[in-house]
Amino acid sequence: MFRRVRQVYLDVNATTPVAAAVQRRMAEVLDKYPGNPSAAYRLGREAATQIAQARAEVAAAINASPQEVVFTSGASEGNNHVLRMIAAHAPASRRRLVTTAIEHSSVHAVAEELAEQGLSVTWLPVDRHGRVRVEDLAAVLDDTVCLVSCMLANNELGTINPVRALAALAHERGIAFHADCVQALGKIAVDVHELGVDYATFSAHKVFGPKGVGVLYVREGAPLSTFISGGQQENGRRAGTESTHNIVGCGAAFARVEELLAKAPIVAARRAALLGTLRGAMPQLIENSPSDGVVPNTLNLRFPGIRNADLLAFLDLHGVSVSAGSACSAQGGKPSHVLTGIGMTEAQAQESLRLSLSSDTSDSDIAYVADLVGRFVRGEAPAISLVSPGQIDAAFIDDERNFMLDVRLGVERRFMKGMPNSHEIPFLDFGRWLDRLPRARNIVVVCSTGVDASIVAYALKSRGFANVGLLVGGLWAWRAAHGALYRARAGSKVTVVS
Ligand SMILES: Cc1ncc(COP(=O)(O)O)c(C=O)c1O
């Protein structure tokens, strides 16, 4: 089974654990405020009061007024809604959206969809750290633009954009401005009135609040169409019985923003220490994040010559969580659009990792991570072979010396048949069945995209298996390379290791 290893969480930009004070408030609501907030009797009114308090807490944290705060299921919903709404109501003379190449996918993907539907989309260039230049926005604005959408802080690089100046420029031309502020909150001061934006989005789970709840700030007077019809919740704009405990958790998390900001200098010092010790372990390291104009906790680094999936898997094996892209894209197998957006080649992007810290990251955590990276860089990590999809042809599959170990999750297996002659083992529980695996054969670990397989491959290596490889790009890549073989034999002679 798994050894208990030290855990070092360096993926704060993906999500944060719920703070104890927030958990207490949520538990209190679940326990004491069961009423439907829309109901006219006391239980309902009490629940509604809890929501009103949360709205006031959110408003205070971002310097908005409570009526400018709309609770959503998260920032993705808010981002989607603002872009779609503005596009849907734009007059025929203003059918152009201006956004950047480094937005979160909940903006990026919607902009691409809208472009397919006929909206004209201008993608602003960014510098090599992902920063938008005010003069580049000025150069593309005219009276055909309906919305400018630009994030305040980038999730992968931490780069801060000059949103105040960008919004002012848009307003000079009567153009609405939306800023995704998810990664800025709790790291730098976010004052929506000072920024001068019309719409801003936030997410509770990035600031030690619960998942599944967020905030759309809508400046008083800015248009907002209904998200969901069928009820009077959120001032008739987003129907559906409120998730009272989540909303209260969101308010409690926003109430801690000042506390988080007070700790920002500590976080920045830890970030500098981490960078310094990692440089000691690998002097040729390249900073993708800028050294100033960056949120204090985010460090995106390129490790030249090292495949990020391998280093990620090695760190994971030792209890260290880092990211090779945004949380949402880590499974996708494609390099991050943010990194390619700042001009990196796919190969360079696949050498990059994001480490995002909190004030809980200790000096000894930093020393531990730097030591692991040093061991990996010096080649002291157990070597696994990388097997390309092209190599695994029918002869390879039928060769008795090879043992294809399929570690996909059950749900993934339902979507795609396994490789012929493969052996299925549960990813989450593979440690239980290690004694059933043939140590004398070449074990090739296969997952959907090549990410999970790295973790299992390193685990096998560290448990003394001599010949271990992993299928680069996973089953998706193998199917693309061997379409005919897949159609003829996929799913045949598959056995379950048990
Ligand atoms: C910059 C940014 N915007 C939006 C989101 C989406 O937030 P949510 O998970 O609340 O939908 C994220 C989360 O990764 C993010 O980092």
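Presented here is a report on the structure given in the accompanying data block. (Residues numbered from 1 in each chain as written. Predicted model: local features only at pLDDT ≥ 70, side-chain atom pairs only at ≥ 80, totals over all residues.)

### Things to note about the sheet that holds strand β4 (residues 120-124)
- On the basis of which strands lie adjacent, the open sheet formed by 7 strands has the order β2-β8-β7-β6-β5-β3-β4 and mixed pairing. Where the open sheet ends on each side, the last strands, each with one partner, are β2 (69-72) and β4. For this sheet, the mean inter-axis angle between neighbouring strands, taken without regard to orientation, is 20°.
- Pairing of β2 with strand β8 (residues 214-218) involves 4 bridges; the strand directions are antiparallel. Directly across from Val-70, in β8, lies its bridge partner Leu-216.
- Strands β5 (145-149) and β6 (176-180) of the sheet are contacted by helix α6 (residues 163-172), whose axis makes an angle of about 160° with β6. (Pairing = 2+ DSSP bridges. Helix = DSSP H or I, 4+ residues; strand = E, 2+ residues; numbered from the N terminus. Axes fitted to C-alpha atoms, helices over the stretch in contact; angles between N-to-C directions. Contact = placed C-beta atoms within 7 Å.)

### Concerning the environment of Gly-474
- Structurally, Gly-474 is set in helix α19 (residues 474-481).
- A residue is classified by how many C-beta atoms lie within 10 Å of it, and Gly-474, with 25 of them, is buried. (Buried ≥ 20, exposed ≤ 12 C-beta atoms within 10 Å, placed from the backbone.)

### Things to note about the sheet that holds strand β12 (residues 352-356)
- Taken in spatial order, the 3 strands of this open sheet run β9-β10-β12, and their pairing is antiparallel. In this open sheet, the two edge strands, each paired with only one partner strand, are β9 (286-287) and β12.
- Both β9 and strand β10 (residues 298-302) contribute to a ladder of 2 bridges, which runs antiparallel. Counterpart to Glu-287 in the pairing with β10 is Leu-301.

### As for the site of the ligand
- Every one of the 14 residues lining the ligand counts as a neighbour, but Gly-74, Ala-75, Ser-76, Asn-155 and Ser-203 are closest to it.
- Residues belonging to the shell around the ligand are distributed by class as follows: 4 nonpolar, 9 polar and 1 charged. (Near = placed C-beta within 6 Å. Nonpolar A, V, L, I, M, F, W, Y, C, P; charged D, E, K, R; others polar.)

Keep in mind these values describe shape, not function.
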